[in-house]
Structure formats: structure tokens, C-alpha cells
Amino acid sequence: MRAGYYKNERLTLTQMLTSSTINRIAFIGNYLPRQCGIATFTTDLCEAVASHYDGTTCIAVPVNDIEAGYPYPTRVRFELVEKDINSYRRAADFLNINNVDLVSLQFEYGIFGGRAGSHILALLRGLRMPIVTTLYTILKNPDSDQRRVLEEVAALSDRLVVMSERGADFLRDIYNVSPEKIDLIPHGIPDVPFVDPSFNKDLFGVEGKTVLLSFGLLSSSKGYETVISAMPEMLKRFPDLVYIVVGVTHPHVLKNDGEKYRLSLQWLAQEKGVESNVIFYNRFVSLEELVEFISVADIYITPYLNEAQITSGTLAYTLGAGKAVVSTPYWYAEEVLSEGRGVLFPFKDSAALAEQVISLLDNESDRHAMRKRAYMYGRTMIWSEVAQRYMASFEWARAERRHYIPAGLISKTLDKYPGELPAINLEHMGLLTDSTGIFQHALFSVPNYAHGYTTDDNARALLVTVLLDSLGNRKWLALATCYLAFLGFAFNEKTNRFRNYMDYQRNWLEDSGSDDSHGRTLMALGTLLRHSNTPSLCSMAGSLFEHALPAILTTTSPRAWAFAIIGIHEYSLKFEGDRHANQVRDELAGRLLRLYHENRTDTWCWFEQELSYCNAVLPHALLTCAKTLPGKSMTDAGLESLAWLAKLQKSDEGHFVPIGSNGFYKNGGERARFDQQPIEAQAMTSACLEAFKSTGENDWNKEARRAFDWFLGRNDLSLTLYDPTTGGCRDGLHSDRLNENQGAESTLAFLQSLLELRLIEQSQLSMETIPK
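Residues numbered from 1 in each chain as written. Predicted model: local features only at pLDDT ≥ 70, side-chain atom pairs only at ≥ 80, totals over all residues. Heavy atoms only, no water.

Asker: I keep staring at the sheet that holds strand E6 (residues 131-135) and nothing clicks. Help me out?
Answerer: Adjacent strands of a sheet form backbone hydrogen bonds with each other and so pair up, either parallel or antiparallel. With parallel pairing, 6 strands are arranged side by side in an open sheet as E2-E1-E5-E6-E7-E8. Each end of this open sheet is capped by a strand with a single partner; those strands are strand E2 (57-61) and strand E8 (182-184). Strand after strand, the sheet turns through a mean of 20° between neighbouring axes, direction not considered. Bridge count between strand E1 (residues 24-28) and E2: 5 bridges; the pairing is parallel. Note that in E2 the partner of isoleucine 25 across the bridge is cysteine 58. Together, strand E5 (102-107), E6 and strand E7 (159-162) form the strand contacts of helix H5 (residues 144-156), whose direction differs from that of E5 by roughly 160°. (Pairing = 2+ DSSP bridges. Helix = DSSP H or I, 4+ residues; strand = E, 2+ residues; numbered from the N terminus. Axes fitted to C-alpha atoms, helices over the stretch in contact; angles between N-to-C directions. Contact = heavy atoms within 4.5 Å.)

Asker: Would you mind showing me how to read the packing of aromatic side chains here?
Answerer: Any aromatic ring pair is given by two values, namely how distant the centres are and how the planes are angled relative to each other. Inspection of the entire model under this criterion finds 36 aromatic pairs. Centroid distance phenylalanine 545 to tyrosine 571: 4.5 Å. Interplanar angle 25°. Geometry classified as stacked. Placement of phenylalanine 545 in helix H20 (residues 535-548) and of tyrosine 571 in helix H21 (residues 558-574) is noted, with a sequence separation of 26 residues between them. For the pair phenylalanine 545 and tyrosine 571, a shared accessibility class is recorded, and that class is buried. With a centroid separation of 5.5 Å and an interplanar angle of 75°, the aromatic rings of tryptophan 710 and phenylalanine 711 are classed as edge-to-face. (Phe/Tyr/Trp six-rings, centres within 6.5 Å; stacked < 30°, edge-to-face > 60°. Buried < 20%, exposed > 50% of the residue type's maximum accessible area, 1.4 Å probe, protein only.)

Asker: Can you help me understand helix H10 (residues 287-295) in this one?
Answerer: Helical geometry: 3.6 residues make up each α-helical turn, so side chains three or four residues apart lie on a common side. Considered for burial, the residues of H10 that qualify are Leu290, Phe293, Ile294 and Ser295. Among the structural elements, strand E9 (210-215), strand E10 (241-246), strand E11 (278-281) and helix H11 (313-320) are those in contact with the buried residues of H10.

Asker: What's the story with the confidence of the model for the protein chain in this structure? I'm lost.
Answerer: With 94% of its residues at a pLDDT of 70 or more, the protein chain has an overall mean of 91. Taken element by element, the predicted model of the protein chain shows its lowest mean pLDDT in helix H1 (residues 8-14) (40) and its highest in strand E18 (residues 497-498) (98). Note on residues 403-417: pLDDT is under 50 here. Beyond four places in sequence and across chains, it has 28 contacts. (pLDDT = per-residue confidence, 0-100.)

Asker: Teacher, can you tell me more about a nonpolar patch on the surface here?
Answerer: On the surface, a cluster of nonpolar side chains totalling about 320 Å² of accessible area is made up of Leu443, Phe444 and Val446. Along the polypeptide, phenylalanine 444 turns up in the loop between strand E15 (439-443) and strand E16 (446-454). Accessibility expressed as a relative area gives 56% for phenylalanine 444, which makes it exposed. (Patch = residues over 30% accessible without salt bridge, like charges linked within 9 Å, V, L, I, M, F, W, Y side chains within 5 Å. Areas by Shrake-Rupley, 256 points an atom, 1.4 Å probe, with all protein chains shown as cover. Salt bridge = Lys/Arg side-chain N within 4 Å of Asp/Glu carboxyl O.)

Asker: Any chance you could explain the nonpolar core here in plain terms?
Answerer: Soluble globular proteins tend to pack their nonpolar side chains together in the buried interior. In this structure, Met429, Leu462, Leu525, Leu592, Leu642 and Met684 are the most contacted members of the largest nonpolar core, which totals 115 residues. Dropping the residues within four chain positions of it, leucine 525 is found in contact with Leu462, Leu484, Leu487, Phe498, Ala541, Leu544 and Phe545. With 82 residues, the next largest nonpolar core counts Ala39, Val61, Leu123 and Ile185 among its residues. (Core = buried A, V, L, I, M, F, W, Y, C linked by side-chain atoms within 4.5 Å.)

Listed below in C-alpha cells is the structure:
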């Protein structure tokens, strides 16, 4: 181990201690019984430290990826909700007030919410105690989000633990981390005796057999097909050979693809004629069971397909048990199997694998010498040793923390975070929704059955559910399924258009709906397709999107074009290679830009000779196109028209005043002040947030908040349209009073605005880099 990465002198003084001045440690990461490697590691590390240091209380803070959570042991004191950033902030408060002396964070991009796991930053920034972070993935070529998140995790951590020298090199050379901050501590393993593989083979019915073993959560990256493809050649030389694969399919893979990979392996074994020599144990085994499986292996194989793996718990376990190992040359394997502790073969090369296995089985003395070298190397990796090394790192982090006050505590100043946002309340949205869809109107807060449903509102509702999903709200799926089903029923295959109005008896009142309802539905479908990973929803939404898209070109409403452009933009962020969708977007954007140039003057910076309804969606659409179409014309027109509209809709007192619906505002005419509609505040909020994302200029964020504050009472009458007791929004502002009805359009306008602002705030809090 290199000096500089692991301070041998310092740790020698402390690693043999069996007591510590640290009274309370919190371990953050996945935790058993959740089925994943990090859960196993976090649990084992926590238990090892607790066992070795009687005076130290160890608590766990796991991450839940399912709504029901897991039946955790009593050591778990607080649970994070993966996609809910507020739960991360609450966790920081919990740890601060519960006298935790140090936090041990297990960091892996995929287990935390936000872009590249950025939600964890909200927790780290709020902590007042030292942080020691163990890194499981250190990428050689990170994208911008991955780099930014890891660099801030490193900056917020007092010490960083890596499990390989390559990981330490990457931190220094790629992420500019000082070597003085890095501790190289091996992956912990159970302490098992060096046993003959034949000793326990009768437990599994393979006595007299030569056993090849692989274990871990199944996914296509494991490369087990390489081993199965090599079996025919190996069986020619060793006909008693069996290959045992232990482990369930990874829960996320199971959710999205089912048992597709396991079935493909079973079919391959049948195709190769080796099905009687391949044994699958489809269970998440306990540590005791795993040790027994490892004990029967004559050779352990890790045929992984990706070199970018900086650690491997499965390889560490088998190496430390003194097994002969054959592996592909991923980074961790190259390091720990050097010096004759294992052999490597090229990725996906079944012939080379067969050659290596046959060679090892033919040369028993070489194989046993390899096993002994591996076992002796693993003595430094047993949990009692690793726990002491971690405690040494913890002690040093605490000692260092006493000498300085860490940077990173962020103040939410009003120039960047202008006021607290209301809590998300879906009660009224749920009340307006039945098994068919969302009702169009309400009498006060009571659904008004007489006016039935509209596709417009169900498209708005579907979009809101997608935003809820992005924020980690668990109520979204059932609602999304309902609204999407409505849109599917609304689509008329004869016209390739969406019908809009449906009465309470589920009778359609027209064959084709308005242009705007068609465009708005495309916007909702495109947004769902970008953000959702639910296969059934995406399949249905994709089909509707494909069949409905051509008809938008026959519409004449600029707002319909704008809605569709925004939807295609969202869709293209995930499916940028869809040439037809891009062509439709370019055609519609060209139409909007021509309208702008035809109607714009020095005093009238607009697309038409009248400002009417949902105005801000027009510049919003151009701003989304600016990211994909060449030139600055789209950006310039979008920003100019939006700035003009923002100035026009700003009162002398500084609050938002939308164009009134009682007459609107014609060029050269008198502007209508009332009635003011929630949809105008929503359109302005969304457009200004798009401008903020496009330019990075915080003035646009302020304009978005100005429009949103209209809902909260910063308006001409100083009356609050949002009703926090119901979660609904009143339908409008008359010249002298509120419209007290709380229909779907107004309620969804409020919710969409609130959720989009929360996503922006979440992104700012997650991704803002602290001073170095």
C-alpha cells in the first residue's frame, strides 16, 4: 500500500485499539434485508465496528427504494426515501440532534436520488460532525453531473476510503483530491478457515464433482454466458464438472426486465447441451449459506463484462477464503489477483476461459499454491482487521475536524431562494379523480359531475404525476395509470386526433377535440416518455405519441404548436434519434418563429396582434428549441418576447398581473385587467423557469416566483387563490372577489407550478458546488 494514500505511521498507533473516544457513529447506505451488495457491506461494517468497540453505539440510516421500506433490525434509526430530497434534510437534522459523533457514508451514485445521486449532498451539507465516505464507484470518464457530485462529496468529507490503489490514483489524478485525505482500506470479508473444497460438497449434492462457482445479484453485466459457452470444451476434459450460479436477479433488473437474463442463461445451457451441468440457486443467501457455497468451489469465476469496476465484494470473499480464481481483467481483479493470486482472461472470451480452467484443474500443485497465496493475502481483509482500520480513519477525521470549521453550510438567501414553498397536498386532485379520470369542474371544492371530463385536464393531470414521480412522491403511479387510460380512450383512430369533451356517462361529445387539447396531450405524453421507467406506461404512451404526432401539423393554433414542441423536446431528450419527431418539432418551431418576425415591432414584441390565454407558452417553446436547433434566432426571440411579456405583466407595486380573460389585450387596444386565470400564472412560471435553465440568470428564477406568488396572495386583491385546507386552487380572480370554485384546470396549474419550482430548488441545492 502506497504511503500518502494510507498513513501507515498514524494508523499503526490506533488500529490495534479496542476502545475509542467516538461514542456514536451513524452508517448511511443500503442495509439488510435489502438485497444488494452495498446493503451487505454496510451491515457487515456496522456490525464489525459495534462488535469490536463495546463503548461505541452504531446506528444505521438506510435508503428505501420502495414505498413499504424493509423490515430492518433495531439498529436502523432513520430511513431515507430515495427520491425525496426533504427526507435527506430531515436525516441531517435527526443526526445533528441525536449526538452523533461521526457519519460513515457509503457512496454509490445509483442508491441515492437526484442526478448522479446528488440528493445526498443535501444531507451532507447539513451535518455538523465529521464525515468519512467509502467510495464504491470512481469513474475514469465521468459525465459532468457525476464529476460534480463526487467532487462535492469529496469536499464535504473529512476522509475518503477506497478499496484499491487504482481508486486512490483516480481520486488524485481525475478528481484533484489530496492524497493526504485518502485511506486505502480493503473490502471486509468473513473470517473462514482454509478448507478442502470436497468437505461440504455433499451438502449440495455435488460430491465427487469438480465445482465452478459464481455468485451475486444477476444482471446482464455479470457475463455468466461466457462461462456457459465455455462449458462444452471444459467438459471434454473434465466430464464431472458442474457450474453453480448463486443469487437472485437484481431487484431493479427484475422490476424492469423480469427474469429475462436468467432465462437467457438457461436457454443457452440447453442450446450448448450442458443443462445438466449448470445449477442455478435462485435465492438471496445468508452469509452462513454463502460461506458454505464458497467452501465447495474448486474454482471461482468472475466473468464480468465491464473493466470499470473499482471493487467487488464477491471477489474479495472468495479470495479471502483461499479459492483459485479466474476472472476477466476489470480494475479490481487486476489489482488483487496480481502476484499469482489468480489468473485473468479477456472479456467475453470463452475459449480463453476454458483454457485457463483446464490448466488449473490439470495442475493441482499450482492451483493449491495459488489458493494459499490468496488466503494469506486475505488475512488483512477479515472484518476484525478492517473494523480497526475504519476506526483509525474515524479517529483521525475527528481529530482533524477540531482544527478547522468545514465549509459547505449553505444559506438559503432570498436572492436565490425567494421564500418557502407550500407543502405538496394532493387531496383535492384525488377528490376530483374517479376511476375514469379527473373531473373538469367543481362547485366550490365538490366535484361537478354535470360538466364531465376533458382530455385537456387529464393531460395536465398526467403531466403533474410525472413531476410527482421526479420528486419521489409515491402516489403518482395509480393516478398516472388512470389519466393515461383516459387519454388512450380519447384517441380516435379514425381521425388520429384526441377527442376532448366527455360527459359523466362516458359519452364523447365530439369526434375531434380542439387543436390545443391535441398539442397539450402530446406535451404530457412526451414528458412521461422522458421521465418514466415504468414499461407499461411507456409502451402505451409511446404508441399514442407516435400515432398522434402527425396530426399536429394540420392544426392552426400557435399554442397547440407550442405545447407539442415542448412535448417533443422532452421526448427527444431521451429519444434524440427519432428523425420524424425532430422534423415535426423543426417545422412547428419554424412556424412560430415566422409568426414572431411577422408581428413583432419595437413596441409589440409578440407572435400575434393579440395577447389572449396561456401566453407564455409561446416563448417557452422557442427556448426549448434553442437547445437543439442551430443559430441564436430561437433563443433571441424567446428571451425577447418573454422579457417583454414579463414587464407587461408586472404591476407598479411589483406583483404579477396576468392578461385578463374579459377582452384580453389587442395591439393598440385597451388591456383587460380581469378576470385573472391560474393558467396564466402557471404558463409564466414554467416559461421563466425554462429561461432560467437556458441562461443560468437568476432574474428568471425571480420572475418565476413572482408569477407563482400570485397564487399565494401577491396579486391585485391580495387574496390567496391556493386553498391549503383542501389542496385545491380557486378558479380565478374577479375584479372584486375570488371565484371560489376549485376546478381541475386551476388546481393542476397550481400543482404544476409548485412541482416545477420544487424541482428547480432541489436541483440548486443538490448541484451547487461549495467553495474549495
